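Survey of secondary and tertiary structure
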Amino acid sequence: MGSQPKYQEVIRWVKQNIAEGTLRYGDRMPSENELSERFGLSRQTIRHATGELVNEGVITRVQGSGTYIGGNYAPARQERYMNIAVVSTFYESYIFPPILKGIEKELSRKGYAMQVSFTDNKVTNEGKILQSLIEKDNIDGLIIEPSKSALPNPNIHYYKELMEKHVPILFFNASYRELNLPCVRIDDRDTFRQATELLIENGHRQIGAVLKLDDMQGHLRYAGFMDAILKAGIHYDPSHIVWQDTVGVNHPGDMADYLFKRLAGCTAVVCYNDQVAMDFINLAYQRGIRVPEDISVVGVDDSNLASICRVPFTSFPHPKTALGAKVADNMMKMIDNPDFDGNFIFRTKPVMRQSVKKLET
């Protein structure tokens, strides 16, 4: 007797979880993407399995809402408030105004209002905002940049409560590991790999990195830095990796002695973002260290800081307005189709300026 078709494995899993109480009447089924990843099967095969379950009266597909456990499940009609909550860490400076402008323009084009809040990258502020959104219960979706995304987050229960209310949630710039939710961001790992390779290609071997400890972007960028270093076969000094938290980034002078002690001997440094790069360059000149004559510098985001700095520096662009527009567009699609995969990754190439010196090899 031949083996059973692969889609039967999905059917058995759903029925077993229903029998064990893991999936209960009215629960939303995992999306096709989630099931495809779980079982290593194509979306077409997953769709075949869910079609069989619908035919057997095990699950119900609801147009514009999703797929639910129960053969006759009819979710309550969800009122459209035409209101999207947008939560950002910061607003008035750096790359945030164009991101929010991109979100607002696209939402407005689709007839939605934008309800904006800011956390200052503090989880306590994030928690208060989420609690208020749950109590008011007047949003069709949540677009949010996580606070201190690399650290364990005390607000996960708020996100789960919103998910239980079937409010679509879309992260931007980073997401929480504790939640399997979509995110629109740049390819942080590949960006830092490219930045490090650019320095290697210019003859640098003693390369340092200044990274952000409490945001997931910093961890991904560290991975990209190490990808390039290991691929090139370069022996690196772990002391040349400097981690800063949000407070340290906002008060660079407080740790200047520590920073330059750690980076002693480096001919180049790749910085977490343009703010860190500009502060590094200013601190370097206070100590008589010239850029790029004594040390080369590369940043990330290609903000206006990269061009107005005393030494305009090479930087990798953040898509800013385009990212905001993509976030809003994906949110609209998630509202219309709960199975839509809202993930998207932007890739980038450097904008070259005067901060990288080519060494003789």
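Conventions and cut-offs
Residues numbered from 1 in each chain as written. Predicted model: local features only at pLDDT ≥ 70, side-chain atom pairs only at ≥ 80, totals over all residues. Heavy atoms only, no water. Phe/Tyr/Trp six-rings, centres within 6.5 Å; stacked < 30°, edge-to-face > 60°. Buried < 20%, exposed > 50% of the residue type's maximum accessible area, 1.4 Å probe, protein only. Lys NZ or Arg CZ within 6 Å of the ring centre and 35° of its normal. Pairing = 2+ DSSP bridges. Helix = DSSP H or I, 4+ residues; strand = E, 2+ residues; numbered from the N terminus. Axes fitted to C-alpha atoms, helices over the stretch in contact; angles between N-to-C directions. Contact = heavy atoms within 4.5 Å. Parallel < 35°, antiparallel > 145°, perpendicular 65-115°, else oblique. Left-handed = near helix turned anticlockwise from the far one by under 90°. Nonpolar A, V, L, I, M, F, W, Y, C, P; charged D, E, K, R; others polar.

Per the stated rule, a full pass over the model turns up nine aromatic pairs. For the ring pair Phe171 and Tyr176, a centre distance of 5.6 Å and an interplane angle of 85° mean the geometry is edge-to-face. Of the residues examined, Phe171 reaches a relative accessible area of 0% and is grouped as buried. In this structure Tyr176 comes out as buried when scored by relative accessible area, which is 1%. Each ring, one from Phe344 and one from Phe346, has its centre 4.9 Å from the other, and the planes form 75°; the classification is edge-to-face. What makes Phe346 buried here is its relative accessible area of 15%. Of the aromatic side chains, those joined through ring pairs into one cluster are Tyr159, Phe171 and Tyr176. Between Arg221 and the ring centre of Tyr272, over which it is positioned, the NZ or CZ distance is 4.8 Å.

Let us now look at the sheet that holds strand 9 (residues 241–244). In spatial order, the strands read 9-8-10-11-12; together these five strands make up an open sheet with parallel pairing. Each of the sheet's edge strands pairs with one partner strand only, and the pair in question is strand 9 and strand 12 (314–317). Direction aside, neighbouring strands of the sheet carry axes that sit 15° apart on average. When strand 8 (residues 207–212) meets strand 9, the two strands line up parallel, connected through four bridges. The residue of strand 9 that forms the bridge with Lys212 is Gln244. Here helix 7 (residues 188–201) sits on the sheet and contacts strand 8, strand 10 (268–271), strand 11 (296–301) and strand 12; the angle it forms with strand 10, its principal contact strand, is near 165°. Of the strands in this sheet, strand 8, strand 9, strand 10, strand 11 and strand 12 touch helix 11 (residues 274–286), which is tilted by about 155° from strand 11.

Quick look at the packing of helix 7 against helix 8 (residues 216–232) now. Between two packed helices, what matters for the description is the angle formed by their axes and the separation of those axes. Taken N-terminus to C-terminus, the directions of helix 7 and helix 8 make an angle of 40°; their axes are 7 Å apart at the nearest point. Considering their axes alone, helix 7 and helix 8 lie oblique with respect to each other. For the crossing formed where helix 7 meets helix 8, the hand is right-handed. Residue-level inspection shows Asp188, Arg189, Phe192, Arg193, Thr196, Glu197 and Ile200 of helix 7 in contact with helix 8, the latter providing Gln217, Leu220, Arg221, Ala223, Gly224, Phe225, Asp227, Ala228, Ile229, Lys231 and Ala232. Here the contact of helix 7 with helix 8 is built from residues that sort into eight nonpolar, three polar and seven charged.

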